[in-house]
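Per-entry structural report
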Amino acid sequence: MKKQVIIFDMDGLMFDTEVLVCEAQAKIAEKLGVPFSMDYYRGSVGLSEKDCMAKYTKDFGDPAIAEELIFGYRDTLYQMVAEKGVPHKPGLVPLLDHLTSLGKELVLASSNLHHDIALYLEAENLSHYFSHRVSGEDVTFSKPDPAIFEKACALTGYQKEDCLILEDSLNGVRAAHAAGIAVIMVPDLIAPNHEARDKTFAIVNNLSEVQELF
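Notes on the structure in this doc start here. Just so it is clear, the model here is predicted, and its values are computed rather than measured.

1. Regarding the overall build of the chain
Counting its secondary structure elements, the chain contains 11 helices and six strands. Its C-alpha radius of gyration of 17 Å places the chain within 12% of the 17 Å reference for a compact globule of 214 residues. Projecting the C-alpha coordinates of the chain onto the three principal axes gives extents of approximately 55 × 35 × 30 Å. Every one of the 214 residues in the chain was classed for burial, and the buried ones make up 45%. Long-range pairs, those at least 24 residues apart, make up 63% of the contacts in the chain with a sequence separation of at least 6. Approximately 10,200 Å² of the chain is accessible, and the part contributed by carbon and sulfur atoms is 50%. Seen as two clouds, the 19 positive and the 33 negative side-chain charges of the chain have centres 4 Å apart.

2. As for the pattern of salt bridges
Per the stated rule, a full pass over the model turns up 11 salt bridges. Between Lys89 and Asp188 there is a salt bridge whose closest N-O contact spans 2.6 Å. On the criterion of sequence distance, the pair formed by Lys89 in the loop between helix H5 (74–84) and helix H6 (92–101) and Asp188 in the loop between strand S5 (182–185) and helix H10 (194–199) is long-range, its members being 99 residues apart. A relative accessible area of 17% means that Lys89 is categorised as buried. Among the ionic contacts, a cluster of salt bridges with common partners joins Asp9, Lys143 and Glu167.

3. Observations regarding the environment of Lys50
Take Lys50: it is sitting in helix H3 (residues 49–60). On the basis of relative accessibility, which here comes to 69%, the residue Lys50 falls in the exposed class. Separated by 146 residues in sequence, Lys50 and Ala196 place their C-alpha atoms 24 Å apart.

4. Focus: unusual backbone geometry
Cis geometry is found at the peptide bond from Lys143 to Pro144, where omega equals 20°. Counting through the fold element by element, Pro144 comes out in the loop between strand S3 (132–135) and helix H8 (147–156). One non-glycine residue with positive phi stands out, namely Asn125, at about 55°. You can see Asn125 is positioned in the loop between helix H7 (114–123) and S3. Residue class for Asn125 comes out exposed when judged on its relative accessible area of 58%.

5. Comments concerning the nonpolar core
In this structure, Phe8, Met14 and Tyr56 are the most contacted members of the largest nonpolar core, which totals 49 residues. Top contributing element to this core by residue count: helix H1 (residues 17–32), with six residues. Of all hydrophobic cores here, the second largest spans 20 residues; its members include Val139, Val173, Val183 and Ala196.

6. Description of the state of the cysteines
Two cysteines form a disulfide when their sulfur atoms are joined by a covalent bond. All chains considered together, the criterion is met by zero disulfides. With no disulfide of its own, Cys52 lies 11 Å from the sulfur of Cys22, the closest cysteine sulfur. Take Cys52: its relative accessible area is 8%, and that puts it in the buried class. In this model Cys153 remains outside any disulfide bridge; the closest cysteine sulfur is found in Cys163, 3.6 Å from its own. Taking the relative accessible area as the measure of exposure, Cys153 reaches 4% and is therefore buried.

7. Section: the pairing of strand S2 (residues 105–110)
For S2, a buried count of six out of six residues is recorded, marking the element as mostly surrounded by other parts of the structure. Burial along S2 is two-sided: Glu105, Val107 and Ala109 facing one way and Leu106, Leu108 and Ser110 facing the other are all buried. Summarising the sheet, strand S1 (residues 5–8) and S2 pair through four bridges and their orientation is parallel. From the neighbouring strand, Ile7 faces S2, where its bridge partner is Val107.

The rules behind these values
Residues numbered from 1 in each chain as written. Predicted model: local features only at pLDDT ≥ 70, side-chain atom pairs only at ≥ 80, totals over all residues. Heavy atoms only, no water. Helix = DSSP H or I, 4+ residues; strand = E, 2+ residues; numbered from the N terminus. Rg over C-alpha atoms; globule rule 2.2 N^0.38 Å. Buried < 20%, exposed > 50% of the residue type's maximum accessible area, 1.4 Å probe, protein only. Contact = heavy atoms within 4.5 Å. Areas by Shrake-Rupley, 256 points an atom, 1.4 Å probe, with all protein chains shown as cover. Lys, Arg positive; Asp, Glu negative; His and termini not counted. Charge placed at Lys NZ, Arg CZ, Asp CG, Glu CD. Salt bridge = Lys/Arg side-chain N within 4 Å of Asp/Glu carboxyl O. Core = buried A, V, L, I, M, F, W, Y, C linked by side-chain atoms within 4.5 Å. Disulfide = S-S within 2.5 Å. Pairing = 2+ DSSP bridges.

Shown next as structure tokens:
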């Protein structure tokens, strides 16, 4: 593949952070005396904070519980990262090494906070692979708005046709498509639908299969 710039999403693509977030929220839920499971958590994947707040408030009947689950889990999450690190998606480091050996420029574009991006990359010694990082804090609108990917592309000085995005979520695929940048989907918790298939260059099972395309 001749694309020169590879733009990586982070959560759910590079790292199995959804599992970490679920575990951290489950610890908070246990303290609050409310049930919380991975099956339940899957129902909130891809929701905005506003929509997640509405869902949790409806389900648990108390906005204070919803607020604590959504905004109070980060200290628990950070402690877990400090103790156990961040689990990689299979094939991550070999893919990063392979793309670097081919002279590709790698950029990270994540809806997450700058703090969390830096924490995860540094915890796993992966910061040096990426020439630029773009956070959801750097743009006004989140995915599926294309702004985050347009900014990532602009930082490299390359044209959109020179770039390729790697994403795990439908909203990420939508954002890439809206930006006019080719995207490969590596699904995480939610299986791809017809829309995802229509808007992607390819859908693969894991990062090792991405490597096979280069």
